[in-house]
Amino acid sequence: MRVRSLAIGLLVGGLALTACGKEGTPAGDSGVGEGPSTTAEVATDVKIEGSPTFDRMTQNDKVVIGVKEDQPGLGYKDPTTGEYSGFDIEIAKLIAAKLGFEESKIEFKTVQSAGREAAITNGDVDYYVGTYTINDKRKAQISFAGPYFVAGQDLLVRKDDTSITGKDTLKGKKVCSVTGSTPIQKVRDEALTEPENIVEFQGYSQCVDKLLTKEVDAVTTDDAILKGYAAQDPDALKVIGKPFSEEPYGVGLAHDDKALRDAINDILEKAKDDGTWQDLYDSTLGKSGSKSEAPDVDRY
């Protein structure tokens with residue numbers, strides 16, 4: 001087990017954060033391979049000036065984090081134990097720890113793709129970590145810290161299917177993804193298949209179930225998500241491996257909360273520089289065989 005000191009000193013504009021540490025250990029099965037082997041040091045006496053979200057978290061003595069629950073290796077909720085795990089979950093825990101909240105003070109709340117902006121805007125979650133692509137349309141409603149990961153849209157098909165070799169072979173095929181997601185909008189906008197062949201559900205696991213029963217021909221979303229599902233059932237499923245987009249994942253935040261955004265960006269940069277990001281990735285999503293490195297943070 002590798003233990004890293006992550007105490008952070010921040011002074012960004014009107015933000016001041018001081019920290020000293022005690023240990024808190026991320027744990028759990030990522031849905032792909034074993035759980036992470038890192039520990040995150042919990043900051044204490046944290047002060048972030050000018051952040052209404054942080055003030056709410058402090059007053060409530062907990063942090064409510066919006067996540068996904070059906071993405072092995074990223075955001076996965078064990079149906080037996082109810083425990084959340086995966087790379088996104090570990091990023092969410094790391095941020096919480098650096099903001100001064102130990103794991104017992106974290107409340108994970110599953111929010112599907114179509115409800116993310118509303119959950120953030122209404123204050124139902126304090127921040128959101130769940131394969132949330134940064135784009136201008138969303139930034140009109142909320143803000144993002146990060147990105148903390150960059151994926152690409154790809155296709156998951158049955159392993160014995162040789163008729164689908166990339167996005168240009170989807171005509172006449174039933175293609176499934178999640179309502180409100182960037183990938184399904186791309187399928188629609190680029191007319192990759194006919195409108196009547198577009199199938200939408202609230203969760204990716206429903207699409208994968210339909211793929212296995214041959215009710216749809218392909219599932220499309222970010223390659224990181226698809227590789228997690230393929231790793232769970234490698235004899236039945238495969239990822240085409242020809243990404244046709246760039247999807248930068250960010251931490252979703254209230255629109256005008258620059259103070260909290262700056263704090264989280266500093267946390268992500270520190271995790272990249274000291275190797276913590278790579279540790280978390282390698283021991284969760286990296287188990288699927290998808291290699292990656294931490295991206296640069298976008299300070300907009």
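Keep in mind it's a predicted model, so treat the numbers as computed, not measured.

Concerning the sheet that holds strand β8 (residues 75–77)
Strand pairing in a sheet is mediated by backbone hydrogen bonds. Such pairs are either parallel or antiparallel.
Line of reasoning, step 1. Read across the open sheet, the 3 strands follow the order β7-β8-β9; overall the sheet is antiparallel. Taken across any chain shown, the strands that pair with only one partner, and hence form the sheet edges, are β7 (70–71) and β9 (84–85).
Line of reasoning, step 2. Relative to β8, β7 is paired through 2 bridges, and the arrangement is antiparallel. Paired with Q71 across the two strands is G75, which belongs to β8.

Structural notes on the state of the cysteines
Line of reasoning, step 1. Following the criterion strictly, the structure yields 1 disulfide and no others.
Line of reasoning, step 2. Shown here is the disulfide that connects C176 with C207, its sulfur atoms set 2.1 Å apart. A torsion of -70° about the S-S bond marks the disulfide between C176 and C207 as left-handed. Separated by 31 residues along the polypeptide, C176 in strand β14 (residues 175–178) and C207 in helix α6 (residues 204–212) bring together distant segments of the chain. Comparing C176 with C207, the two get one shared label, buried.

Points about the nonpolar core
Line of reasoning, step 1. With 63 residues, the main nonpolar core has I65, F87, L99, Y127, Y148, F149 and L156 as its most contacted residues.
Line of reasoning, step 2. Considering each element in turn, this core owes the most residues, 8 residues, to helix α2 (residues 87–98).
Line of reasoning, step 3. In this structure, F87 is in contact with G73, L74, Y148, F149, W277, L280, Y281, T284 and L285, ignoring residues within four places of it in sequence.

Considering the sheet that holds strand β13 (residues 153–158)
Line of reasoning, step 1. The strand order β15-β14-β16-β13-β17 describes an open sheet built from 5 strands, whose pairing is mixed. Single-partner strands in this sheet number two, and they are β15 (198–201) and β17 (237–239). Sheet twist, expressed as the mean angle between neighbouring strand axes with direction ignored, is 30°.
Line of reasoning, step 2. Sheet strands touched by α6: β13, β14, β15, β16 (218–222) and β17. Its angle to β16, the strand with the most contacts, is close to 150°.

Quick word on the environment of N197
Line of reasoning, step 1. Inspection of the secondary structure puts N197 in the loop between α5 (182–189) and β15.
Line of reasoning, step 2. Taking the relative accessible area as the measure of exposure, N197 reaches 11% and is therefore buried.
Line of reasoning, step 3. Along the primary structure N197 and G172 are separated by 25 residues, whereas in three dimensions their C-alpha atoms are 7.1 Å apart.
Line of reasoning, step 4. Those residues within four positions of N197 in sequence are excluded, and the remaining contacts are G172, K173, K174 and V175.

Quick word on the side chain of D223
Line of reasoning, step 1. Along the chain, D223 falls in helix α7 (residues 223–232).
Line of reasoning, step 2. Buried D223, no salt bridge; nearest opposite-charge side chain is K227, N-O distance 4.7 Å.
Line of reasoning, step 3. D223 has contacts with A151, G152, D154 and P243, leaving out every residue within four places of it along the chain.

Calculation criteria
Residues numbered from 1 in each chain as written. Predicted model: local features only at pLDDT ≥ 70, side-chain atom pairs only at ≥ 80, totals over all residues. Heavy atoms only, no water. Pairing = 2+ DSSP bridges. Helix = DSSP H or I, 4+ residues; strand = E, 2+ residues; numbered from the N terminus. Disulfide = S-S within 2.5 Å. Buried < 20%, exposed > 50% of the residue type's maximum accessible area, 1.4 Å probe, protein only. Core = buried A, V, L, I, M, F, W, Y, C linked by side-chain atoms within 4.5 Å. Contact = heavy atoms within 4.5 Å. Axes fitted to C-alpha atoms, helices over the stretch in contact; angles between N-to-C directions. Lys, Arg positive; Asp, Glu negative; His and termini not counted. Salt bridge = Lys/Arg side-chain N within 4 Å of Asp/Glu carboxyl O.

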